[in-house]
Amino acid sequence: MALPPGTTDEAFLREVDEEYRRDQAMHILRNYGRWILGAVVLALVAFAGWLYWQHYSEQKAGTQGEQYDAAMRLVEEGKTAQANPALDKIAATSGEGYAATARLAEGSLLLQKNDIKGAAAKFAEVANNAKFPQPYRDLALIRQTAAEFDSVKPQVVIDRLKGLINPNSPWLGTAGELVAAAYLKAGNKAEAGRLYGQIAQGGEKVPESIRQRAVQLAGVLGVDAIDQSKDTKAK
């Protein structure tokens, strides 16, 4: 049965269109096929490299974690002579997190030996290293300042830690106590009392033991500091 003229024309046009598309595709492949193939190969190589790097990083992190755990077991067993070189190796060869933690552990061991200067130097090494994550640097700065508290002027303590004592800081309690003590050492009871009051009202960001001390010290300094943490929990 003969097809209507319109249907024949549509079929013919469709065949012409398909043929034209095939010619275009062949033209692109002839002229750009090598470039397209190269781009695909490069993309696959890059993806494979990313997968390998992820696998390598996970393995390396696992190895570093095992090395750190082994070093800390030596510390717990009192084998500091063996722990120190292990921690030093971790600090020199590991990623930023483990390296910073190892340096902090070295500083703590030196504090146990009453080597204040050596401990402060280890803490300062972490605090001043821009490659380390900020929480490690903040903790190291607090540890350094606590170690040097008796040997530096009160204003040094205040200037170092003033960025860590705002109400939203997770370090408000620890850094705040040091700064408040520095104000007292400098004879500035008003600022010390105000800061103790701020610490007392720091809520869950501040450990309860620090809040309780802050309430008592603020009261001694004439500041009516109410520890709001228990009220907040009750709500």
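On a predicted model such as this, the values are computed, not experimentally measured, just so you know. Residue positions are given per chain, counting from 1 as you read along its sequence in written order. The predicted origin of the model limits local features to residues at a pLDDT of at least 70 and limits the giving and counting of side-chain atom pairs to 80 or more, whereas totals for whole chains, interfaces and linings rest on all residues. By convention in this description, side-chain values take in all heavy atoms of the structure and omit both hydrogens and water.

## With respect to the overall build of the protein
Each helix and strand in the protein was counted, giving 10 helices and zero strands. Labels follow the DSSP assignment, with helices taken as runs of H or I lasting at least four residues and strands as runs of E lasting at least two, numbered in each case from the N terminus. Helices and strands appear in the protein in the N-to-C order α-α-α-α-α-α-α-α-α-α. Residue burial in the protein is summarised as follows: out of 235 residues, 33% are buried. A separation of at least 24 residues holds for 44% of the contacts in the protein among residues at least 6 apart in sequence. With a 1.4 Å probe rolled over the protein chains alone, any residue whose accessible area is under 20% of its type maximum counts as buried; one over 50% counts as exposed, and the rest are partly exposed. Between two residues, a contact is recorded if the distance between any of their heavy atoms is within 4.5 Å.

## Re the side chain of E106
Considering the arrangement of structural elements, one finds E106 in helix 3 (residues 96–112). What makes E106 buried here is its relative accessible area of 5%. Not counting chain neighbours up to four residues away, the residues in contact with E106 comprise N84, L87, D88, A91 and K122.

## Re helix 7 (residues 172–185)
The end-to-end C-alpha separation of helix 7 is 19 Å, in line with the 20 Å expected for 14 residues at 1.5 Å each. With 10 of 14 residues buried, helix 7 is to be regarded as a mostly interior element. Residues of helix 7 that are buried: L172, G173, A175, G176, E177, L178, V179, A180, A182 and Y183. Residues of helix 7 that are buried in the fold lie against helix 5 (134–148), helix 6 (154–161), helix 8 (189–200) and helix 9 (208–220). Helix span, expected: 1.5 Å multiplied by one less than the number of residues in the helix.

## What to know about the packing of aromatic side chains
Aromatic rings from Phe, Tyr and Trp, with only the six-membered ring used for Trp, were paired whenever their centres fell within 6.5 Å, and each pair was classed as stacked if the ring planes differed by under 30 degrees, edge-to-face if by over 60, and tilted otherwise. The tally for this structure, following the rule as stated, stands at zero aromatic pairs. Note on geometry: a ring has a charge over it if NZ (lysine) or CZ (arginine) is within 6 Å of the ring centre and within 35 degrees of the ring normal. Lying across the ring of F149, K185 places its NZ or CZ 5.0 Å from the centre.

## Considerations on the packing of helix 5 against helix 6
Two measures define how a pair of helices packs: the angle their axes make with one another and the distance between the axes. Here, axes are lines fitted to C-alpha atoms. For helices the fit covers the stretch in contact, and angles between N-to-C directions go from 0 to 180 degrees. For the pair helix 5 and helix 6, interaxial distance at closest approach is 11 Å and the crossing angle is 175°. Judged by the inter-axis angle, helix 5 sits roughly antiparallel to helix 6. Of the residues in helix 6, those touching helix 5 at L141, I142, Q144, T145 and E148 are V157, R160 and L161. Here the nonpolar group is Ala, Val, Leu, Ile, Met, Phe, Trp, Tyr, Cys and Pro; Asp, Glu, Lys and Arg are the charged ones; every other residue, Gly included, is treated as polar. Of the residues that constitute the contact of helix 5 with helix 6, the class distribution is four nonpolar, two polar and two charged. In what follows, roughly perpendicular refers to angles from 65 to 115 degrees, roughly parallel to angles under 35, roughly antiparallel to angles over 145, and oblique to any angle outside these ranges.

## Overview of the pattern of salt bridges
For salt bridges, the criterion is a side-chain nitrogen of Lys or Arg within 4 Å of an Asp or Glu carboxyl oxygen. Tallying each qualifying case throughout the model produces seven salt bridges. Of the charged contacts in the structure, one is a salt bridge between R103 and E125, with a shortest N-O distance of 2.9 Å. In this pair, R103 sits in helix 3 while E125 sits in helix 4 (residues 116–127), placing the two residues 22 residues apart along the sequence. The class of R103 is buried, set by a relative accessible area of 11%. The salt bridge involving K122 is made with E106; its shortest N-O contact spans 3.7 Å. With K122 in helix 4 and E106 in helix 3, this residue pair connects regions lying 16 residues apart in the sequence. In this structure, K122 and E106 share a single accessibility class: buried. Ionic contacts of the salt-bridge type, sharing partners, join the residues D88, R103, E106, K122 and E125 into one network.

## So, the environment of R160
Summarising the element assignment, R160 is placed in helix 6. In this structure R160 touches L141, Q144, T145 and E148, once residues within four positions along its chain are discounted. Of the polar contacts made by the side chain of R160, one reaches the side chain of E148; its length is 2.7 Å. For this analysis, a polar contact is any N or O atom pair within 3.5 Å, provided that within protein one partner can donate a hydrogen and the other can accept it, and provided that sequence-adjacent residues contribute only side-chain to side-chain pairs.

## Some remarks on the nonpolar core
One finds L161 and I199 to be the most contacted residues of the largest nonpolar core, which totals 37 residues. Of the residues forming this core, the biggest block, seven residues, is contributed by helix 7. Other than its neighbours up to four places away in sequence, L161 contacts L141, I142, T145, A175, L178 and V179. One finds A71, V75, A83 and A91 within the second-largest nonpolar core, a separate group that totals 11 residues. Take the buried residues of types Ala, Val, Leu, Ile, Met, Phe, Trp, Tyr and Cys, join any two whose side-chain atoms come within 4.5 Å, and each joined set is a nonpolar core.

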